[in-house]
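Single-letter residue listing:
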Amino acid sequence: MSLLELKDITKDFPGVRALDGVSLTLEKGEIHALCGENGAGKSTLIKILCGVHPQGTYGGDITLDGVRLQFNNLRDSEEKGLALIAQELALVPELSVAENILLGREPTRGGLIQWPQVRQEATRALGLAGLDVALDRPVKELGVGQQQMVEIAKALSKDARILVLDEPTAALTESDTQILLNFLKHLKAKGVSSIYISHRLEEVFQVADRVTVLRDGKSVATERVDRITKLQVIAHMVGREVKDLYPRPRDPTGAVVLGVRGLTLEDPANPWRHVVEKVSFEVKAGEVLGIGGLMGAGRTALLSTLFGAARSRAEGALWLEGKDRPLFQSPREAIAAGVALVSEDRKRYGLVLEAGVGENLSLAVLGRLVRGGFLDHGRIEAECREQAETLRIKTPSLASKANQLSGGNQQKIVLGKWLLTQPKVLLLDEPTRGIDVGAKAEIYALIGELAAKGVAIILVSSDLPELMGLSHRLVVLNQGRPTGLFGWRDATPEKVLAAAALKA
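Just so it is clear, the model here is predicted, and its values are computed rather than measured.

## A look at helix 4 (residues 115-129)
- The end-to-end C-alpha distance of helix 4 is 21 Å, a good match for the 21 Å that 15 residues give at a rise of 1.5 Å each.
- Within helix 4 the residues assigned to the buried category are Val118, Ala122, Ala125, Leu126 and Ala129. Down the axis of helix 4, the buried side of the element spans an arc of 100°, and every buried residue falls inside it. Relative to its buried face, helix 4 has exposed residues pointing more than 90 degrees away, namely Pro116, Gln120 and Gly127.
- Contacts made by the buried residues of helix 4 are with helix 3 (97-101), strand 8 (112-113), helix 5 (144-156) and helix 6 (174-189).
- Just downstream of helix 4, Gly130 is the residue with a positive phi angle, here 65°.

## A short note on empty space enclosed by the protein
- This model, assessed by the stated rule, comprises 1 cavity of 30 Å³ or more.
- Quantified by volume, the largest cavity comes out at close to 100 Å³.
- Residue lining of the largest cavity: His199, Arg200, Leu201, Glu202, Lys230, Ile234, Leu245, Tyr246, Val437, Lys440, Tyr444 and Asp463, and that is the complete set.
- Sort the elements by how many residues they give to the lining of the largest cavity and helix 15 (residues 437-452) lands first, with 3 residues.
- Residue composition of the lining of the largest cavity, grouped by class: 6 nonpolar, 1 polar and 5 charged.

## Digging into the side chain of Glu383
- Mapped onto the elements, Glu383 comes out in helix 13 (residues 377-390).
- You can call Glu383 buried: its relative accessible area is 19%.
- When near neighbours in sequence (up to four residues on either side) are disregarded, Glu383 contacts Arg368, Leu369 and Leu420.

## What to know about the confidence of the model for the chain
- Summarising the model, the chain shows a mean pLDDT of 89, and 99% of its residues fall at 70 or more.
- No element of the chain has a lower mean pLDDT than strand 19 (residues 370-371), at 82, and none a higher one than strand 22 (residues 456-460), at 97.

## Here we look at the environment of Leu201
- Structurally, Leu201 is set in helix 7 (residues 201-207).
- On the accessibility criterion, Leu201 (4% relative accessible area) is buried.
- As a C-alpha pair, Leu201 and Thr229 span 28 residues in sequence and 9.8 Å in three-dimensional space.
- If sequence neighbours within four positions are ignored, Leu201 has contacts with Cys35, Lys230, Val233, Ile234 and Val437.

## Overview of the sheet that holds strand 10 (residues 193-197)
- The sheet built from 6 strands is open, its strands ordered 6-9-10-3-11-12 with mixed pairing. Where the open sheet ends on each side, the last strands, each with one partner, are strand 6 (82-85) and strand 12 (218-224). On average, each strand axis in the sheet is tilted by 15° relative to the strand beside it, whichever way the strands run.
- Examined bridge by bridge, strand 3 (residues 31-35) and strand 11 (residues 210-215) share 4 bridges and lie parallel to one another. Pairing of His32 across the sheet is with Arg210, part of strand 11.

## Quick notes on the layout of surface pockets
- Roughly 740 Å³ of internal volume is contained in the second largest pocket.
- Lining of the second largest pocket is provided by 31 residues; of these, Thr390, Leu391, Leu419, Leu446 and Glu449 occupy positions nearest its centre.
- If you list the elements that add at least two residues to the lining of the second largest pocket, you get helix 13, helix 14 (407-419) and helix 15.
- Residue contributions to the lining of the second largest pocket peak at 8 residues, all from helix 15.

## A few points about the pattern of salt bridges
- All told, the structure shown has 33 salt bridges when counted by the stated rule.
- Between Asp65 and Arg161 there is a salt bridge; the shortest N-O distance is 3.0 Å. Taken together, the residues span a long stretch of sequence, with Asp65 in the loop between strand 4 (59-64) and strand 5 (67-68) and Arg161 in the loop between helix 5 and strand 9 (162-166) at a distance of 96 residues.
- Here Lys188 ties to Asp209 by a salt bridge, and the two come within 2.6 Å at their closest N and O atoms. In this pair, Lys188 is assigned in helix 6 and Asp209 in the loop between helix 7 and strand 11, connecting sequence segments 21 residues apart.

Thresholds applied
Residues numbered from 1 in each chain as written. Predicted model: local features only at pLDDT ≥ 70, side-chain atom pairs only at ≥ 80, totals over all residues. Heavy atoms only, no water. Helix = DSSP H or I, 4+ residues; strand = E, 2+ residues; numbered from the N terminus. Expected span 1.5 Å × (residues − 1). Buried < 20%, exposed > 50% of the residue type's maximum accessible area, 1.4 Å probe, protein only. Arc of directions from axis to C-beta. Contact = heavy atoms within 4.5 Å. 1 Å grid on protein atoms, 1.4 Å probe; cavity = no way out; pocket = protein on both sides within 12 Å on 5 of 7 lines; lining within 4 Å. Points joined across faces, edges and corners; volume = space filled by probe spheres on them. Nonpolar A, V, L, I, M, F, W, Y, C, P; charged D, E, K, R; others polar. pLDDT = per-residue confidence, 0-100. Pairing = 2+ DSSP bridges. Axes fitted to C-alpha atoms, helices over the stretch in contact; angles between N-to-C directions. Salt bridge = Lys/Arg side-chain N within 4 Å of Asp/Glu carboxyl O.

Next comes the structure, spelled out in structure tokens:
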């Protein structure tokens, strides 16, 4: 008998069936991963499991140790030993570590909180989580990784037998991610079970025993991770075979489109320091040039400067399609020259969230969609509809607001907007951050198609397998300086990380 069983779970929202007969089991001491594209039903399923969607609002059964459960709220599920670790941490930043761990469960006597007992229980919880932080320290002073561990300590203090983790590493560094994954393995050895939701298949295959894939509200596959490949998981997610996750096209034979010479950018806060220093490279038509480096290495600043959006004084020169020219002084100038930038923060710099899909797609090309001095709305709609269909943007209509769509579809809108400008050089800054692996596969394929058509692409990514898998050549930055140049045949994770981490 399984520790936990969800059987034939069905959930309807107005006009849509979010879950359609989903089943899942969890064994004692098992880590069971739950994968699927955005909108596949993962979050709805765990909200049902943890009582956010109460009994009576869904169909199907949940049993724990063979006993049928009926949760009316989150507290009910916690009392049965389930703990939800949401992507948005449920901590009060201004309160201390101890106060957060016992929040809502403070031991009292005569109406007064018994602080010695609070400290004792919080100390026990931190010990269970293996976390060494001061009990009186405000949570806001901790790093995101430590805050995540405080959240887990809080769950363990409630004697949780099952952790439900929803994208727990989305905001973590690589080192913090590894700490968390190792800790989950440690809990597994002690008999604690976990349901682990993640878009990062590397993590799933590192930590999970089994994986269940949801697609369009249905459970389409459950398999042990040692009996399935990453590509097979993605194929189940998107409903079609994925032959190659990183479709690097053949080596580029085109002419150099863009050359960068001695690009240097001052630190806005300290003109004596350089954020980018003496960076030079070339990128050919049909080439994907990767830019690697650790956080703070100057990668985003480099792309912003190339797009004419430098935030401080910049020096250097460009060579564009056979002609020398100075750095762009504005994004308008860069766009006119055939350069486009997909920024790392799509919500802040890439989209007008309250505007429709069509409005966002057409923003960069309205100047050419004019007839007789007025916007040609028929032509605008036709081009936007064609672009949406080409990129397979899932939206009820072109009028639907961008903020109503998933992260992957929002990213496709940003890409579609710039592709309508028919760029010669496409700058991509973390193009797959925060999107599911199904959408990633589609964007990888699009990058390959654009390169095959002769677009010169400069790619920044913190995902090393992604960066190495897509790039023909790889430039590594360290503290703003170029410290390595690798062809795809001789690039290894060890070489790239050494160039990124060693003193520049």
